[in-house]
Amino acid sequence: AATLAELLELRRLDATAGLGTRDLLAESHRLRAGIDADELVLHYQPVVDLASRRWLGVEALVRWAHPERGLLPPAAFLPLAEASGLVVPLGRTVLERACAQAARWRREVGPAADLGVAVNVSARQLSEPDVVDVVVEALVLSGLPASALVLELTETSLAASCTEVDIALQRIRALGVTLALDDFGTGYASFSYLQRFQPDVVKLDRCFVEGLNRSERDDLLAGTLVELALRLGCDVVAEGIEHPDQVRALTRLGVRVAQGYLFSAPRDPQDLFGPAPGRGGFSRPR
Ligand code: C2E
Ligand code: MG
Ligand code: MG
Ligand code: MG
């Protein structure tokens, strides 16, 4: 049963989504049951070195394998997970699974020995008092070295950040975990967060990649964002590459690492190592 706090949260969501509270309650109970029944699955998208096309790592992206509704994308259930607080147990499961999967690949697939894994983390998870313990536990249980884990935070998730969150992030970084700022450029607080949170990696949002080669103005905007991140000492990963000319443009801008359908869509872990040659593979560029 939902707690009073959960109910109040759901009422807030209710006001914004225009859904009946009873439907939301039923939906959140269904999601809870789905989490418990192991219906959440992770797909993985390779993170690619542009020069060599080698796969440096993968990003874990959650889906809900709903028995009646099919494979649901995060947009179909994450807002509810956020509003109901279920994103906390969900995020923990995702983190543990992704670390375990990456550790398995590093053990079992020869060239994947130094594979890294990136996991998206929500604001709610970050503000949990035990967030550092949750990260440590995922690493210890899986045997994955901290240096192989990247946590992706969005500007929105950091917008609500407070001293406690800042301290937790520092402790997580001290473990050797890499911190990435996701969807860079789309949040209203991008620049102040660059200053305050000092990410190791900045992920240039797909909307800037889309604009490349379209107009001088779009090129200038993407170029300036990349230059800013690079000059601040961050590594840049570009998101949503679909065309080879975007690779050329990004390379000219100094971007060396990217993700996108051009290389691979997010895939079921079983399908990630295909037999097809030229599909890439896990190992660092020379
Ligand atoms: P994100 O972390 O920015 O992930 C990138 C999204 O872009 C993914 O959508 C991915 O499938 C999609 N994408 C990748 N390459 C391309 C491309 O070339 N073209 C286009 N059009 N799209 C591309 P997805 O999987 O639907 O995830 C959406 C968002 O949901 C993620 O954005 C992330 O913010 C959130 N998310 C996903 N998994 C988790 C999770 O486990 N926990 C949390 N808290 N959030 C998650
Ligand atoms: Mg991400
Ligand atoms: Mg992103
Ligand atoms: Mg995004």
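Here, the structure is the one placed above.
Computed from a predicted model, the values in this text were never measured in an experiment.

Caption draft 1: Main features of the coordination of the magnesium ion (ligand 2). Here the magnesium ion (ligand 2) is held by the protein donor atoms E59 (OE), N120 (OD1), E152 (OE) and D182 (OD), which lie 1.9 to 2.2 Å from it. Distance-wise, the magnesium ion (ligand 3) is placed 4.2 Å from the magnesium ion (ligand 2), both being coordinated by D182. Of this pair, E59 sits in strand β2 (residues 55-66) while D182 sits in strand β6 (residues 178-184); the two residues are 123 residues apart in sequence, bridging distant segments of the chain. D182 matches E59 in its accessibility class, with the two residues each being buried.

Caption draft 2: Structural context of the site of ligand 1. R63, N120, D182, E242 and Y261 are the nearest of the 21 residues found near ligand 1. The contact in question runs from a nitrogen atom of ligand 1 to an N or O atom on the backbone of V62, over 3.1 Å. Y261 has a polar backbone atom sitting 2.8 Å from an oxygen atom of ligand 1. Notes on ligand 1: free accessible area 800 Å², of which the protein chains cover 82%. Here ligand 1 is seated within the largest pocket. Counting only elements with at least two residues in the shell around ligand 1, the list comes to β2 and β6. Across the shell around ligand 1, the residue classes break down as 8 nonpolar, 5 polar and 8 charged.

Caption draft 3: Quick peek at empty space enclosed by the protein. One pass over the structure, following the stated rule, counts 1 cavity of 30 Å³ or more. Together, L40, V41, L42, V62, L90, T93, V94 and R97 line the largest cavity. Elements with a contribution of two residues or more to the lining of the largest cavity: β1 (40-49) and α4 (87-108). If you tally residues by element for the lining of the largest cavity, the top one is α4, at 4 residues. In terms of residue class, the lining of the largest cavity is built from 6 nonpolar, 1 polar and 1 charged.

Caption draft 4: Summary view of the layout of surface pockets. There is about 1,100 Å³ of room inside the largest pocket. At the level of secondary structure, the elements contributing two or more residues to the lining of the largest pocket comprise β2, α3 (78-84), α4, α5 (123-126), β5 (149-154), α7 (155-159) and β6. Ranked by the residues each element gives to the lining of the largest pocket, the list is headed by β2, at 5 residues. Considered class by class, the residues forming the lining of the largest pocket number 13 nonpolar, 11 polar and 10 charged.

Caption draft 5: Local environment of α4. Helix length check: α4 (22 residues) gives 31 Å between terminal C-alpha atoms against 32 Å at 1.5 Å per residue, within 8%. Among all positions of α4, only V87, V88, L90, G91, V94, L95, A98, C99, Q101, A102, A103 and W105 are buried.

Caption draft 6: Spatial organisation of the packing of aromatic side chains. Across all of its chains, the model carries 2 aromatic pairs by this definition. Geometrically, the ring pair formed by Y44 and W105 is edge-to-face, given 5.1 Å between the ring centres and 80° between the ring planes. Linking Y44 in strand β1 with W105 in helix α4, this pair joins segments that are 61 residues apart in sequence. Look at W64 and F77: their rings are 5.8 Å apart centre to centre, the planes differ by 80°, and that puts the pair in the edge-to-face class.

Rules behind the numbers
Residues numbered from 1 in each chain as written. Chains lettered and ligands numbered in written order. Predicted model: local features only at pLDDT ≥ 70, side-chain atom pairs only at ≥ 80, totals over all residues. Heavy atoms only, no water. Donors = N, O, S within 2.8 Å, 3.2 Å for Na, K, Ca; no water. Helix = DSSP H or I, 4+ residues; strand = E, 2+ residues; numbered from the N terminus. Buried < 20%, exposed > 50% of the residue type's maximum accessible area, 1.4 Å probe, protein only. Near = heavy atom within 4 Å. Polar contact = N/O pair within 3.5 Å; in protein donor to acceptor, adjacent residues only side chain to side chain. Areas by Shrake-Rupley, 256 points an atom, 1.4 Å probe, with all protein chains shown as cover. 1 Å grid on protein atoms, 1.4 Å probe; cavity = no way out; pocket = protein on both sides within 12 Å on 5 of 7 lines; lining within 4 Å. Sits in = over half its atoms within 2 Å of the grid points. Nonpolar A, V, L, I, M, F, W, Y, C, P; charged D, E, K, R; others polar. Points joined across faces, edges and corners; volume = space filled by probe spheres on them. Expected span 1.5 Å × (residues − 1). Phe/Tyr/Trp six-rings, centres within 6.5 Å; stacked < 30°, edge-to-face > 60°.

In short, the description is geometric, and any link to function would need to be established separately.
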